[in-house]
Each structure stands twice: as C-alpha cells, then as structure tokens.
Amino acid sequence: YVEEVVVKHGPAAAPPTSCAACAEPLAKVGEYLYCRNRRCRALVEGRIQNWVGELDVLEVGDKLIAQLVEAKLVVEPADLYRLTAEQIAGLERRGLLIGQKVLDNLKAALPLPLPKFLAALGIENFGLQTAKAIVGAGFDTLEKVQAASLEELAAVPGVGPAKAKAVVEGLKER
C-alpha cells in the first residue's frame with residue numbers, strides 16, 4: 001500500500017561527466033556511465049579484485065589491492081605473479097610473513113582451467129558460463145580462443161555478436 005506521496009523539490013541532479021578517480025571523461029553505454037581509461041586506479045583495482053575473487057585467493061583483500069595499485073606494483077592480474085614477498089612487506093602494516101602467505105596463496109590457485117582463467121580476466125560482459133560455452137565449442141586452448149574470429153565466437157550458442165566482440169577486444173587489451 002502507499003504510505004505517502006513524495007513531491008520533488010529543487011532541480012534534478014546532473015550526472016557526472018568525468019571519472020571521480022582519474023578525471024577522464026565518462027562514456028555512456030545504455031543507462032550506465034563508464035570510465036574508459038585502462039590506467040584508471042579504480043578500474044585497475046577492479047580488475048585485480050575480479051581476478052582474486054574468481055580464484056578465491058585468501059589473504060588478498062581490497063585494502064592490500066589498493067596498496068599494491070597505489071605503490072604501482074600491479075596494473076594487470078599478471079603483475080601479481082611478479083611480486084616478491086619483500087615488495088609486499090614494504091607496504092604499510094605488512095610483513096614478510098604476510099607477503100609470503102599472499103604469494104603462496106596466489107600460486108596455490110594455479111594451474112587454472114581455461115574457462116576460469118578467461119572469466120577471471122574481467123572482460124566486460126563476459127563471465128564463466130560464456131567462457132565454458134566457448135571452450136566447449138572447441139576453443140579449448142588460449143591460443144585457439146585468441147585466434148578465433150569475431151564470427152566464429154558469435155556462432156557459439158549462448159555467445160552472440162556482443163559477447164564475441166567483448167572477448168576479442170578484451171583479449172587484445174590484455
């Protein structure tokens with residue numbers, strides 16, 4: 001039931017035109033606003049958080065990810081595997097023991113099945129189910145997925161042209 005009618009007062013709020021993290025212009029995609037700066041701190045943190053979340057890596061939380069990005073130690077998930085315990089220990093409130101635990105937990109999640117690897121890359125509009133469909137359609141190595149054309153991926157049931165384009169462009173970027 002209706003409890004009360006709320007009447008608007010004052011001017012409507014204007015949507016932002018620039019990213020709050022990097023000040024780059026925002027792009028409108030459908031009803032959403034996106035920052036398209038691949039070096040944007042918020043996007044970098046999001047990529048790393050997505051990777052860590054997909055792999056269920058313990059000891060790597062949002063605060064550590066923010067510290068790693070701020071210290072410019074990571075930009076892409078691959079950078080996590082180039083870290084040393086000493087680099088992590090050099091961050092605020094971290095030590096060698098924590099640094100070694102982080103590295104051990106990252107390496108414990110390896111090797112990754114191809115669908116999980118693809119989903120963990122954080123490609124826009126692309127997740128585990130789509131990755132499984134692509135691998136199930138015969139693109140069972142990373143090389144085959146990278147070599148696949150837009151048309152070949154779009155023909156996979158459950159993928160379609162929009163997701164195929166996201167996969168092709170996302171793999172080129174990464």
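Just so it is clear, the model here is predicted, and its values are computed rather than measured.

Trainee: A description of the pairing of strand β1 (residues 26-29) should follow, citing residues and the corresponding values.
Mentor: Direction of pairing for β1 relative to strand β2 (residues 32-35): antiparallel, over a ladder of 4 bridges. Across the sheet, Ala27 pairs through a bridge with Tyr34, a residue of β2. From the end of β1 to the start of β2, which pair antiparallel, there are 2 residues, and Gly30 there has a positive phi angle of about 65 degrees.

Trainee: Any chance you could break down the nonpolar core for me, citing the residues and the numbers?
Mentor: Counting residues in each nonpolar core, the largest one holds 39 residues, and the members touching the most others are Leu68, Leu80, Leu118, Ile134, Val145 and Leu153. Within the residue set of this core, elements represented by two or more residues are α1 (41-55), α2 (62-70), α3 (85-89), α4 (96-108), α5 (114-120), α6 (128-136) and α9 (160-173).

Trainee: Outline the side chain of Gln67, supporting the account with residue identities and numerical values.
Mentor: Position of Gln67 among the secondary structure elements: in helix α2. Since its relative accessible area comes to 13%, Gln67 is described here as buried. Here Glu92 takes part through its backbone oxygen, which lies 2.9 Å from a polar atom of the side chain of Gln67. Apart from the residues within four sequence positions on either side, Gln67 is in contact with Leu91, Glu92 and Arg94.

Trainee: Could you give an account of the environment of Pro157, with specific residues and numbers?
Mentor: With respect to the helices and strands, Pro157 occurs in the loop between α8 (150-154) and α9. Here the alpha-carbon distance between Pro157 and Ala27, two residues 130 residues apart in the chain, equals 30 Å.

Trainee: Can you break down the packing of aromatic side chains residue by residue, with the values?
Mentor: Tallied over the entire structure, the rule returns 3 aromatic pairs. Between Trp51 and Phe117, the ring centres sit 5.8 Å apart and the planes meet at 90 degrees, which makes this aromatic pair edge-to-face. A residue pair is termed long-range when its members are at least 10 positions apart, and Trp51 in helix α1 and Phe117 in helix α5 qualify at 66 residues. On the basis of relative accessible area, Trp51 is assigned to the buried category, the value being 3%. Overall, the relative accessible area of 24% leaves Phe117 in the partly exposed class. By the ring-pair criterion, three or more aromatic residues cluster together here, those being Trp51, Tyr81 and Phe117.

Trainee: I'd like a rundown of the environment of Gly10, residues and numbers included.
Mentor: Relative to the helices and strands, Gly10 resides in the segment before β1. Classification of Gly10 as exposed rests on a relative accessible area of 65%. Note: C-alpha distance between Gly10 and Glu76 (66 residues apart in sequence) is 44 Å.

Trainee: An account of a nonpolar patch on the surface is requested, with residue identities and associated values reported.
Mentor: Among the surface-exposed residues, Val2, Val5 and Val7 lie close enough to one another that they form a single nonpolar patch of about 330 Å² accessible area. For Val2, the location among the structural elements is in the segment before β1. Using a relative accessible area of 66% as the deciding quantity, one classes Val2 as exposed.

Conventions used here
- Residues numbered from 1 in each chain as written.
- Predicted model: local features only at pLDDT ≥ 70, side-chain atom pairs only at ≥ 80, totals over all residues.
- Heavy atoms only, no water.
- Pairing = 2+ DSSP bridges.
- Helix = DSSP H or I, 4+ residues; strand = E, 2+ residues; numbered from the N terminus.
- Core = buried A, V, L, I, M, F, W, Y, C linked by side-chain atoms within 4.5 Å.
- Buried < 20%, exposed > 50% of the residue type's maximum accessible area, 1.4 Å probe, protein only.
- Polar contact = N/O pair within 3.5 Å; in protein donor to acceptor, adjacent residues only side chain to side chain.
- Contact = heavy atoms within 4.5 Å.
- Phe/Tyr/Trp six-rings, centres within 6.5 Å; stacked < 30°, edge-to-face > 60°.
- Patch = residues over 30% accessible without salt bridge, like charges linked within 9 Å, V, L, I, M, F, W, Y side chains within 5 Å.
- Areas by Shrake-Rupley, 256 points an atom, 1.4 Å probe, with all protein chains shown as cover.
- Salt bridge = Lys/Arg side-chain N within 4 Å of Asp/Glu carboxyl O.

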